[in-house]
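Residues per chain, in single letters:
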Amino acid sequence: MIEVRSVSVLVVILAVSAACCLGFGFVLQQNAAQRAPLSDFLSPRLLLDLMKVPRWLSGLGLMIGGMVLGAFALGRGEISLVEPLLATNLLFALALSRRQTRQPLGGQGWTGLALLAGGVTAFIVAGRPRGGSAVTDPLRHWLIIGVMVGVALLLTAYAKRSRLSWGPVLLAVAAGLLYGVQDALTRVSGQRFSAGGWTELFTGWQPYGLLVIGVTGLILVQSAFETAPLRMSLPALTAAEPLAGIACGVGFLGDRLRTDTGALAWEASGLTAIVTGIVLLGLHPAMPCGAVPERKRDLQPR
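Here the structure is a predicted model, which is why all the values come from computation and not from measurement.

Novice: Which parts of the structure should I look at to understand the pattern of salt bridges?
Specialist: Side-chain pairing between opposite charges can occur once the charged atoms of the two side chains come close. In this structure the tally under the stated criterion is four salt bridges. Between R192 and E200 there is a salt bridge, with its nearest N and O atoms 3.5 Å apart. Judged by relative accessible area, E200 falls into the partly exposed class, the value being 31%.

Novice: Honestly, the packing of helix 10 (residues 230-252) against helix 11 (residues 261-282) in this entry has me stumped. Any pointers?
Specialist: Relative orientation and spacing of two packed helices are given, respectively, by the angle between their axes and the distance between those axes. As a packed pair, helix 10 and helix 11 sit with axes 8 Å apart at the nearest point and diverge in direction by 160°. Classified by the interaxial angle, the pair formed by helix 10 and helix 11 is roughly antiparallel. Here the hand of the crossing between helix 10 and helix 11 comes out right-handed. Facing helix 10, whose interface residues are R231, P235, T238, A239, L243 and I246, helix 11 presents L271, V275, I278, V279 and G282. Considered class by class, the residues forming the contact of helix 10 with helix 11 number eight nonpolar, two polar and one charged.

Novice: Can you walk me through helix 5 (residues 89-101) in this structure?
Specialist: A turn of α-helix holds 3.6 residues, and therefore any two residues three or four places apart point the same way. Helix length check: helix 5 (13 residues) gives 18 Å between terminal C-alpha atoms against 18 Å at 1.5 Å per residue, within 8%. All of the buried residues in helix 5 are N89, L90, A93, L94, L96 and S97.

Novice: What's the story with the layout of surface pockets in this structure? I'm lost.
Specialist: If you roll a probe as big as a water molecule over the atoms, it shows you where there is empty space left. In this structure, the largest pocket encloses a volume near 1,000 Å³. Around the largest pocket, the lining comprises 38 residues; the ones closest to its centre are M67, V68, A71, T186 and L210. Where the lining of the largest pocket is concerned, the elements lending two or more residues are helix 1 (2-33), helix 3 (54-76), helix 8 (167-202) and helix 9 (206-227). Per-element accounting of the lining of the largest pocket gives the leading share, 13 residues, to helix 8.

Novice: Any chance you could explain the environment of E78 here in plain terms?
Specialist: Secondary-structure assignment places E78 in the loop between helix 3 and helix 4 (79-86). Overall, the relative accessible area of 18% leaves E78 in the buried class. Excluding residues within four positions of it along the chain, E78 makes contact with P129, R130, G131, R187 and D255.

Novice: Would you explain the packing of aromatic side chains in this entry?
Specialist: Aromatic rings in a pair are described by how distant their centres are and how their planes are angled relative to each other. Tallying each qualifying case throughout the model produces six aromatic pairs. Summarising the aromatic geometry, the rings of F24 and F92 are spaced 6.2 Å apart at their centres and angled 90° between planes, so their arrangement reads as edge-to-face. Within this pair, whereas F24 is found in helix 1, its partner F92 is found in helix 5, the two being separated by 68 residues in sequence. Overall, the relative accessible area of 28% leaves F24 in the partly exposed class. Note on F202 and Y208: the rings are 6.4 Å apart at their centroids and 55° apart in plane angle, and the pair reads as tilted. For F202, a relative accessible area of 41% gives the class partly exposed. Ring-pair connections join several aromatic residues into one group, and the members of that group are F193, W198, F202 and Y208.

Novice: Any chance you could explain the packing of helix 5 against helix 11 here in plain terms?
Specialist: Between helix 5 and helix 11, the shortest axis-to-axis distance is 10 Å and the interhelical angle comes to 15°. Considered as vectors, helix 5 and helix 11 are oriented roughly parallel to each other. Two packed elements cross with a definite hand, and for helix 5 against helix 11 that hand is left-handed. Of the residues in helix 11, those in contact with L90, L91 and L94 of helix 5 are I278, L281 and G282. Looking at side-chain class alone, the contact of helix 5 with helix 11 contains five nonpolar, one polar and no charged residues.

Rules and cut-offs
- Residues numbered from 1 in each chain as written.
- Predicted model: local features only at pLDDT ≥ 70, side-chain atom pairs only at ≥ 80, totals over all residues.
- Heavy atoms only, no water.
- Salt bridge = Lys/Arg side-chain N within 4 Å of Asp/Glu carboxyl O.
- Buried < 20%, exposed > 50% of the residue type's maximum accessible area, 1.4 Å probe, protein only.
- Axes fitted to C-alpha atoms, helices over the stretch in contact; angles between N-to-C directions.
- Helix = DSSP H or I, 4+ residues; strand = E, 2+ residues; numbered from the N terminus.
- Parallel < 35°, antiparallel > 145°, perpendicular 65-115°, else oblique.
- Left-handed = near helix turned anticlockwise from the far one by under 90°.
- Contact = heavy atoms within 4.5 Å.
- Nonpolar A, V, L, I, M, F, W, Y, C, P; charged D, E, K, R; others polar.
- Expected span 1.5 Å × (residues − 1).
- 1 Å grid on protein atoms, 1.4 Å probe; cavity = no way out; pocket = protein on both sides within 12 Å on 5 of 7 lines; lining within 4 Å.
- Points joined across faces, edges and corners; volume = space filled by probe spheres on them.
- Phe/Tyr/Trp six-rings, centres within 6.5 Å; stacked < 30°, edge-to-face > 60°.

Keep in mind these values describe shape, not function.
Right, here's the structure in full:
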């Protein structure tokens, strides 16, 4: 019992530390991406241009650090436990944005904080995420991953036609779905490495899928950051990722949640509170507004 508790505490520390790095990294990336030329929208050139900006590189470094910490958390805990904790990255993003804008939290901020924290607690306590036997049927894997990736592609296609209206929100949702799949593949890759080392890891398709999805998600996120305020894109990204990750965890990774009526009601309430809190925090005035399209200009290193 003592060992189980110590592992759970370690998972919580790793996941919250990852959320901190991700939240700070997203703010720094958006600060730089909002100055990128619109001609780079949804193009790999956007990443090449942003690599010239020290602030964006700092944000990318924090994001990578967060992903590494998240990978360690996923290697030691169920994805259904880690994903809600990763969603708290918005709290850290708000903290940094609030420092930049000097906006007080107010009723909206405190309500969002309470809903997000309470929702994460309710979901974890009610669901009691625990490991189980992963589904070995590859059809189940491909079906769930295919649905997530397919929806992300559809959202991206529509966003390309409406980049300055709802496009950034759709891109952020698409990126969140891909990041949820990425978290699932990170866990599978870690399991393969533990089972057979580097040979076992690189003989499977998962690490290569992880790379493709990671780069694609990064392009989508930066394009969303480029064309809209952080308050439009980050809530959608933060809400979509844990939902996709939990779907993968329960769908084929073997994660188990309590399924009695009372537990399901609390789990649903917790997820609803998480999403509502994310939206309230994301729309908070402390979140930077970003640059308006008329003032877009080519990137200059800052």
